[in-house]
Amino acid sequence: MPKSSQQHPALALFEELLAVPAPPGREAAMAELVRRKIAALGFTPETDPAGNVLVRLTEGKGGAPVVLAAHMDEIALMVNRIEPDGRLRVVPSGGLMPHKTGERLMDIIGDGAILPGVLSCGSGHIRELNKALDWSDYWVLTGLSEAQLRAAGVQEGASLVPARAGRGPVLLGDPSDPLVGAWTFDDRMGMVALLRLLAAIRAEKISPAWPLLVAFTVHEEGGCHGAKVLAHREQPAAFIAVDGCPVMQDTPLKLDGRPGLWIKDFKICYDQRLIRALSAAAAAAGVDLQRVVYTKPSSDASAVYDAGGAPGVAFIGHVRENSHGFEVARLSVFDNVLKVLVKFLQTWPGPADANPRG
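Caption draft 1: Geometry of the packing of aromatic side chains. A complete count under the given rule lists nine aromatic pairs for this structure. With centroids separated by 5.5 Å and ring planes inclined at 65°, the aromatic side chains of Phe 185 and Phe 334 adopt a geometry described as edge-to-face. Linking Phe 185 in the loop between β11 (179–183) and α6 (188–204) with Phe 334 in helix α10 (residues 331–347), this pair joins segments that are 149 residues apart in sequence. Both rings, one in Trp 210 and one in Phe 344, keep their centres 5.7 Å apart while their planes meet at 55°; by these two values the pair is tilted. Within this pair, whereas Trp 210 is found in the loop between α6 and β12 (212–217), its partner Phe 344 is found in helix α10, the two being separated by 134 residues in sequence. Overall, Trp 210 belongs to the buried group, its relative accessible area being 3%. Among the aromatic residues, those joined into a ring-pair cluster are Trp 262, Tyr 270, Tyr 294 and Phe 315. Above the face of the Trp 183 ring, Arg 104 is positioned so that its terminal group lies 4.7 Å from the ring centre. It is Arg 202 that lies over the ring of Phe 43; its NZ or CZ is 4.1 Å from the centre.

See below:
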C-alpha cells in the first residue's frame, strides 16, 4: 500500500483491524485488540456477557446512556460438511454471496489454529458452470485429509474469511482526493470511527451533556445479537449505529466525501429528533450529509428499535460501493464521519431536551 495511506490515521488503524479475522460468533481476537486500543487511550474497557466491548463516559451524569455502536464481526463462511478427501463444504454466515467472493485464498478458523484453503468451484471449461452459482457449487481445498483437519481443530462450524493477503486497503485515483478500496469496510471502519472518537474525547477533553456508552458489538451479521442484548440490559435513551451506507441503484448516494444518514431501512423509520440533531452537528462541523431511504438493508440500530430496545435510533456512516465485497469509498468520508460525531458530542443537549417526535 502507498506510504501516504499508511500515514492517514484512519487507514493505519484500519490495517490493524483487517489483520484480525472476526466472523460472527468468533469475535474474541478482535475484542481483545479493541480492549488494548481502548486501554492505550486511557479508558477502562468493559466486556459484557454477550462479548460486547464497552466504554462508559458518565462523569457523574445521571439518566439512561446514549449508545454509539459499531459491530466487530464480518461476513464469513462456515463449514457444514467435511468430505472424506478433506474438501470442506460451506454455507454463508452473514450476507456473503458467491459472486462477490470468487475463487480465492481463505483463512480457515478452527479450534486453536488458522489454516489456509482455496475457495473453489472447479473448471471453467464446462457449460454447466455458465450459470448463477450458489454455495452448493463451491468447496474449499485444503491439501489435508479429513483426519488431519479434525486433528487441527477444523470441525463442522469452523469459520472461513478471505485471507489477509488481498484484503487491502489500496488507494485509487486522484492523490488529492483518493478512493480507498478494501475487502469490506463493514464494520471495521465504524470501529475506526469510534476509536478515533475516543482519542478525540481524550485529546480535546470533550464532555457530553449526557451519559455516553461507546459499544463494539458482536454478531451483527445475521442477527444483531450483541446490540439487542446490550440495549435490553442498558435501556439506552438513544442508540446510534456507525457503519456504512451502500450505494444502490434506487438511492441517490454519491461516492464523495459526504457521510450518509439513514432515514428509513427495511425494518423501520429512523428517529426524526436524532436525524435533526446529527444534521445540525454536521452543519456546525461544515460537513454535508447525504440522506438515504433504503428498502432492503437494515442495521444494529433498526434491530434494537424493532425489538423495543430504545425509544429512538439513528444511523450515520461512510458511503461505500460494492457492499459485501471489495468495497470502495472516498478517503475523505472517514474524516468527515469523525467530524460529525465530535460535533454531535460537543453540541447536542441530549434526549431530554430534544424536540417532540415528528
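Caption draft 2: Seen up close, the sheet that holds strand β14 (residues 260–264). Read from one edge of the open sheet, eight strands run β1-β2-β12-β3-β13-β16-β14-β15, paired in mixed fashion. Each edge of the sheet is formed by a strand with only one pairing partner; in this case those strands are β1 (46–47) and β15 (290–293). Alignment of strand β2 (residues 53–57) against β12, held across five bridges, turns out to be antiparallel. Opposite Val 55, over in β12, you have Val 214 as the bridge partner.

Caption draft 3: Highlighting the nonpolar core. Grouped together as the largest cluster of nonpolar side chains are 90 residues, with contacts concentrated most on Phe 216 and Phe 239. Among residues more than four places away in sequence, those in contact with Phe 239 are Val 67, Ala 69, Ala 227, Leu 230, Asp 300, Ala 301, Val 304, Ala 310, Gly 312, Val 313 and Ala 314. By size, the runner-up hydrophobic cluster in this structure holds 20 residues, among which are Val 79, Met 106, Trp 135 and Trp 183.

Caption draft 4: Just the confidence of the model for the protein chain, in detail. Residues with a pLDDT of 70 or more make up 94% of the protein chain, whose mean pLDDT is 92. Mean pLDDT across the secondary structure elements of the protein chain bottoms out at helix α1 (residues 3–7), with 55, and peaks at β12, with 98. Low pLDDT, under 50, characterises residues 1–5; the stretch is placed with eight contacts to residues that sit more than four places away or in other chains.

Caption draft 5: Region of interest: a nonpolar patch on the surface. Together, Leu 105, Val 118 and Leu 141 give the surface a local cluster of nonpolar side chains, amounting to about 230 Å² of exposed area. If you trace the backbone, Val 118 turns up in strand β7 (residues 114–120).

Caption draft 6: Looking closely at the state of the cysteines. Per the stated rule, a full pass over the model turns up zero disulfides. The thiol sulfur of Cys 224 is not disulfide-bonded, and the nearest other cysteine sulfur, from Cys 245, lies at 15 Å.

Caption draft 7: Up close: the packing of helix α2 (residues 9–18) against helix α3 (residues 28–40). Relative orientation of the contacting elements α2 and α3 amounts to 145°, with a least axis distance of 10 Å. Contacts from Leu 13, Glu 16 and Leu 17 in α2 reach Met 30, Leu 33 and Lys 37 in α3. In terms of residue class, the contact of α2 with α3 is made up of four nonpolar, no polar and two charged.

Caption draft 8: Inspection of α10 at higher detail. For α10, spanning 17 residues, the distance from its first C-alpha to its last is 26 Å, which sits close to the expected 24 Å at 1.5 Å a residue. Listed in full, the buried residues belonging to α10 are Leu 331, Val 333, Phe 334, Asn 336, Val 337, Leu 338, Val 340, Leu 341, Val 342, Phe 344 and Leu 345.

Caption draft 9: Representation of the sheet that holds strand β10 (residues 170–172) within the structure. Judged by pairing direction, the sheet is antiparallel, and its three strands sit side by side in the order β10-β11-β17 without closing on themselves. For this open sheet the edge positions go to β10 and β17 (326–330), each flanked by a neighbour on one side alone. Mean inter-strand twist for the sheet, computed between neighbouring axes without regard to direction, equals 30°. Where β10 lies against β11, three bridges are found, and the strand directions are antiparallel. Following the sheet pairing, Leu 171 is matched in β11 by Val 180.

Caption draft 10: Quick peek at α3. Counted at 1.5 Å a residue, the expected span for α3 with its 13 residues is 18 Å, and the 18 Å between its end C-alpha atoms agrees. Check the buried side of α3 and you find it contacts α2, β2, α6 and β12. Of the residues trailing α3, Gly 42 is marked for its positive phi of about 95°.

Here is what the cut-offs are and how they apply
- Residues numbered from 1 in each chain as written.
- Predicted model: local features only at pLDDT ≥ 70, side-chain atom pairs only at ≥ 80, totals over all residues.
- Heavy atoms only, no water.
- Phe/Tyr/Trp six-rings, centres within 6.5 Å; stacked < 30°, edge-to-face > 60°.
- Helix = DSSP H or I, 4+ residues; strand = E, 2+ residues; numbered from the N terminus.
- Buried < 20%, exposed > 50% of the residue type's maximum accessible area, 1.4 Å probe, protein only.
- Lys NZ or Arg CZ within 6 Å of the ring centre and 35° of its normal.
- Pairing = 2+ DSSP bridges.
- Core = buried A, V, L, I, M, F, W, Y, C linked by side-chain atoms within 4.5 Å.
- Contact = heavy atoms within 4.5 Å.
- pLDDT = per-residue confidence, 0-100.
- Patch = residues over 30% accessible without salt bridge, like charges linked within 9 Å, V, L, I, M, F, W, Y side chains within 5 Å.
- Areas by Shrake-Rupley, 256 points an atom, 1.4 Å probe, with all protein chains shown as cover.
- Salt bridge = Lys/Arg side-chain N within 4 Å of Asp/Glu carboxyl O.
- Disulfide = S-S within 2.5 Å.
- Axes fitted to C-alpha atoms, helices over the stretch in contact; angles between N-to-C directions.
- Nonpolar A, V, L, I, M, F, W, Y, C, P; charged D, E, K, R; others polar.
- Expected span 1.5 Å × (residues − 1).

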